[in-house]
Amino acid sequence: SLLLAALAALVYLNTLHNDLVYDDALIVEQHLVIRDPSNFPDIWTKAGWLPNRTGIVYRPLSLWSFSVNYRLNEWMGLDGTDVVNYHIFNLILHAVASCLLLLLLLRLRIHQTAALIAAAIFALHPVHTEAVAALIGRAEMMAFIFGIVFLLNHQGRRHALLCSGAYLLAIWSKESGILFFPLAVAMDIIMSRKSETISYRRYAVYGTVAVAWIITRTLALGDGSQAVPFVDNPIVGMAWSRGFLTALSVQLDYLRIFAIPVSFSTDYSYNQLPIAASVVNYRVVIFLALLAFVIGLSWSVRRRRPAIGFAVLGYAVLFAATANMIIPIG
């Protein structure tokens, strides 16, 4: 674990002096709520993710972490916006996330060598560059960390309140963390032994946490409605069928950059990805063929290798909110 953590941190050491750009600059330099300890309640009850912007983003724990970095700099006699402490925090998060993934894989009864290789790929894969190098990417990592802690405690049948606390921290880090609840259900269905019973009381507690978060978020942000600009996501201007097919084809791009991590870009907005006009689009056909293959493989080895099915279903669950198949996002 220590070697894995060191590997995850060392590969991103060159980010320590990265300047504040894009949303990083908006939060660290312009978000007044992180600068004064007296603003702490506003982080949880009023503040949005970016200053002077309304919208649907409510990430109080991640935003509070910037406040901690800001005051730590001041305590050290540095300017509050000095970047090094912020980047060090991101490196630590990535190292912790890599180690927790290894622990989860071992809990899922993956062979030790395979688990270590998978965790090392996670630690080194360039697809995570934006999450680690960009300060705002810590929301992704914090949601992942607390989500994995939630799954580990749920799988270990720890007290429901302890599990719920980790789950709430995941959602407070980033909204998509809410999907770790259905992922826990998938884990129970696929990975539990026959002698283990499913506790619906736990589900009720987790559901209560999710509902409480929704209420709190609504009180802080209002209805959270926000129009998605066409240039941010052309799917918003399409018929549902074309948008859904295009979203399917984009999943092929995700798989491609995982298998062949080259030619990354910081922007895949308007006119960067081809629109799928029909189901006979070759990108859609290839993705559906791959989907059919992995579903068939998961089913055929469901008793001997249930973790494969859990991985496939888990991918679908965690992507559900941002895959543009249910609703178009920015």
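Worth saying up front: this structure is predicted, and the values here are computed from it rather than measured.

## Considerations on the overall build of the chain
So, step 1. Secondary structure assignment for the chain yields 14 helices and zero strands.
So, step 2. Mapped in sequence order, the helices and strands of the chain form the string α-α-α-α-α-α-α-α-α-α-α-α-α-α.
So, step 3. Relative to the globule expectation of 20 Å for 330 residues, the C-alpha radius of gyration of the chain, 21 Å, shows essentially globular dimensions.
So, step 4. Counting only C-alpha atoms, the chain reaches 60 × 50 × 40 Å along its principal axes.
So, step 5. A buried classification covers 43% of the 330 residues belonging to the chain.
So, step 6. Expressed as a percentage of contacts within the chain between residues at least 6 apart in sequence, the contacts between residues at least 24 apart total 72%.
So, step 7. When the accessible surface of the chain is summed, it comes to about 17,700 Å², and 67% of that surface belongs to carbon and sulfur atoms.

## Describing the packing of helix α5 (residues 83-107) against helix α8 (residues 138-155)
So, step 1. Closest axis-to-axis distance for the α5/α8 pair is 9 Å, and the angle between their directions is 30°. Here α5 is positioned roughly parallel relative to α8, judged by the angle of their axes. As α5 packs across α8, the resulting crossing turns out to be left-handed. Of α8, the residues touching α5 (which contributes Y86, F89, N90, L93, H94, V96, A97, L100, L101, L103, L104 and R107) are R138, M141, M142, F144, I145, I148, V149, L151, L152 and Q155.
So, step 2. Of the residues contributing to the contact of α5 with α8, the split by class is 17 nonpolar, three polar and two charged.

## Re the nonpolar core
So, step 1. The biggest cluster of nonpolar side chains holds 70 residues, and the ones touching the most others in it are L63, F66, F150, L151 and Y167.
So, step 2. Looking at which element gives the most residues to this core, the answer is α5, with 12 residues.
So, step 3. In this view, L63 contacts I27, H31, V33, I34, I43, A47, G48 and W49; residues no more than four positions away in its chain are not counted.
So, step 4. Grouped together as the second largest cluster of nonpolar side chains are six residues, L245, L248, A276 and V284 included.

## As for the packing of aromatic side chains
Two measures describe an aromatic ring pair: the distance that separates the ring centres and the angle between the ring planes.
So, step 1. Scanning all chains against the criterion turns up 14 aromatic pairs.
So, step 2. Put simply, the rings of F150, Y167, F181, Y203 and Y206 touch in pairs and so form one group of aromatic residues.
So, step 3. For the cation-ring pair, R138 lies above F66, with the distance from its terminal atom to the ring centre recorded as 4.3 Å.
So, step 4. Sitting over the ring of W299, R302 keeps its end group 3.9 Å from the ring centre.

## Some remarks on helix α11 (residues 200-221)
So, step 1. For α11, spanning 22 residues, the distance from its first C-alpha to its last is 31 Å, which sits close to the expected 32 Å at 1.5 Å a residue.
So, step 2. Of all the positions in α11, only R202, Y203, Y206, G207, V209, A210, W213, R217 and A220 are classed as buried. Projection of α11 onto a plane perpendicular to its axis shows the buried side chains occupying an angular sector of 155°, all on one side. Every exposed residue of α11 that faces more than 90 degrees away from the buried side is listed here: Y200, R201, T208 and L219.
So, step 3. Looking at the buried positions of α11, the neighbouring elements they touch are α3 (40-45), α8, α9 (160-173) and α10 (180-191).

## Considerations on the environment of A212
So, step 1. Turning to its location among the elements, A212 is positioned in helix α11.
So, step 2. As for A212 and I295, which are separated by 83 residues in sequence, their C-alpha atoms are 35 Å apart.

## Observations concerning α10
So, step 1. Between its first and last C-alpha atoms α10 spans 15 Å; for 12 residues at 1.5 Å apiece the expected length is 16 Å, and the two agree.
So, step 2. All buried positions along α10 are accounted for by F180, F181, L183, A184, A186, M187, D188 and M191.
So, step 3. Against α5, α8, α9, α11 and α14 (306-319) lie the buried residues of α10.

## Let's talk about a nonpolar patch on the surface
So, step 1. A surface patch of nonpolar side chains, about 540 Å² in accessible area, is lined by Y254, L255, Y282, I286, L290 and Y315.
So, step 2. Among the elements of the structure, α12 (240-259) and α13 (282-300) are those that each provide at least two residues to the nonpolar patch.
So, step 3. When residues of the nonpolar patch are assigned to their parent elements, the largest contribution, three residues, is made by α13.
So, step 4. Note that I286 resides in helix α13.
So, step 5. Given a relative accessible area of 37%, I286 falls into the partly exposed group.

## Quick look at the pattern of salt bridges
So, step 1. Tallied over the entire structure, the rule returns five salt bridges.
So, step 2. Of the charged contacts in the structure, one is a salt bridge between K46 and D42, with a shortest N-O distance of 3.8 Å.
So, step 3. Note on K46: relative accessible area 57%, which makes it exposed.
So, step 4. Ionic pairing is found between E175 and R59, a salt bridge with its closest N-O pair at 2.9 Å. Placement of the pair is E175 in the loop between α9 and α10 and R59 in the loop between α3 and α4 (60-75), with a sequence separation of 116 residues. Across the pair, R59 and E175 agree in class, each one buried.

Rules and cut-offs
- Residues numbered from 1 in each chain as written.
- Predicted model: local features only at pLDDT ≥ 70, side-chain atom pairs only at ≥ 80, totals over all residues.
- Heavy atoms only, no water.
- Helix = DSSP H or I, 4+ residues; strand = E, 2+ residues; numbered from the N terminus.
- Rg over C-alpha atoms; globule rule 2.2 N^0.38 Å.
- Buried < 20%, exposed > 50% of the residue type's maximum accessible area, 1.4 Å probe, protein only.
- Contact = heavy atoms within 4.5 Å.
- Areas by Shrake-Rupley, 256 points an atom, 1.4 Å probe, with all protein chains shown as cover.
- Axes fitted to C-alpha atoms, helices over the stretch in contact; angles between N-to-C directions.
- Parallel < 35°, antiparallel > 145°, perpendicular 65-115°, else oblique.
- Left-handed = near helix turned anticlockwise from the far one by under 90°.
- Nonpolar A, V, L, I, M, F, W, Y, C, P; charged D, E, K, R; others polar.
- Core = buried A, V, L, I, M, F, W, Y, C linked by side-chain atoms within 4.5 Å.
- Phe/Tyr/Trp six-rings, centres within 6.5 Å; stacked < 30°, edge-to-face > 60°.
- Lys NZ or Arg CZ within 6 Å of the ring centre and 35° of its normal.
- Expected span 1.5 Å × (residues − 1).
- Arc of directions from axis to C-beta.
- Patch = residues over 30% accessible without salt bridge, like charges linked within 9 Å, V, L, I, M, F, W, Y side chains within 5 Å.
- Salt bridge = Lys/Arg side-chain N within 4 Å of Asp/Glu carboxyl O.

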